[in-house]
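Descriptive analysis of the structure
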Amino acid sequence: MIGLEQWMDIKELQRQGLSQRQIARTTRLSRNTVAKMLGQAAQQPFQKAVRPSCLDPYKGSAHEKEKIVR
């Protein structure tokens, strides 16, 4: 994951006139990652995708059964 400091380094190297390929070599990141970071106006925080669980249909009944057992 790219942190704020590394994102700022990439932007600074671009301001200094380095190409995307040179920035990738310097930072040891892929050219795709460098291109993605340079395309962002501000650093985007990482957001994990919300996915449903295969156990969601059973969660309600499991909680009810737990109350009965206790």
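Scroll up a little and you will see the structure.
Residues numbered from 1 in each chain as written. Predicted model: local features only at pLDDT ≥ 70, side-chain atom pairs only at ≥ 80, totals over all residues. Heavy atoms only, no water.

Quick word on the overall build of the protein chain
When its secondary structure is counted, the protein chain shows 4 helices and 0 strands. Scanning the protein chain from its N terminus toward the C terminus, one meets helices and strands in the order α-α-α-α. With 70 residues in all, the protein chain has 17% of them scored as buried. Taking the contacts inside the protein chain whose residues are at least 6 apart along the sequence as the reference set, 48% of them involve residues at least 24 apart. Only carbon and sulfur atoms are counted for the fraction: they give 52% of the accessible area of the protein chain, which is about 6,300 Å². (Helix = DSSP H or I, 4+ residues; strand = E, 2+ residues; numbered from the N terminus. Buried < 20%, exposed > 50% of the residue type's maximum accessible area, 1.4 Å probe, protein only. Contact = heavy atoms within 4.5 Å. Areas by Shrake-Rupley, 256 points an atom, 1.4 Å probe, with all protein chains shown as cover.)

Comments concerning the nonpolar core
Among soluble globular proteins, nonpolar side chains are generally buried collectively. Counting 9 residues, the largest nonpolar core is built from Ile2, Trp7, Ile10, Leu13, Ile23, Ala24, Val34, Met37 and Leu38. When near neighbours in sequence (up to four residues on either side) are disregarded, alanine 24 contacts Leu29, Ser30, Arg31 and Val34. (Core = buried A, V, L, I, M, F, W, Y, C linked by side-chain atoms within 4.5 Å.)

Structural notes on the pattern of salt bridges
Counting across every chain of the model gives 1 salt bridge. A salt bridge links glutamate 12 to arginine 15; the nearest nitrogen and oxygen atoms lie 3.0 Å apart. Of this pair, glutamate 12 and arginine 15 both sit in helix α1 (residues 4–15), 3 residues apart, roughly one helical turn. For glutamate 12, a relative accessible area of 36% corresponds to the partly exposed category. Taking relative accessible area as the criterion, arginine 15 reaches 62% and is therefore assigned exposed. (Salt bridge = Lys/Arg side-chain N within 4 Å of Asp/Glu carboxyl O.)

Remarks on unusual backbone geometry
Even without a glycine there, the phi angle at arginine 28 is positive, about 60°. Tracing the backbone through its elements, the reader meets arginine 28 in the loop between α2 (20–27) and α3 (31–38). Overall, arginine 28 belongs to the exposed group, its relative accessible area being 77%.

Re the side chain of threonine 27
Turning to its location among the elements, threonine 27 is positioned in helix α2. From its side chain, threonine 27 meets the backbone oxygen of isoleucine 23 in a polar contact 2.7 Å long. In this structure, threonine 27 is in contact with Gln6, Ile10, Leu13 and Val34, ignoring residues within four places of it in sequence. (Polar contact = N/O pair within 3.5 Å; in protein donor to acceptor, adjacent residues only side chain to side chain.)

As for α3
Here α3 has its buried residues at Val34, Met37 and Leu38. All buried residues of α3 fall inside an arc of 95° around its axis, so they share one side. In α3, the exposed positions angled more than 90 degrees off the buried face are occupied by Asn32 and Lys36. Those residues of α3 that are buried are in contact with α1 and α2. (Arc of directions from axis to C-beta.)

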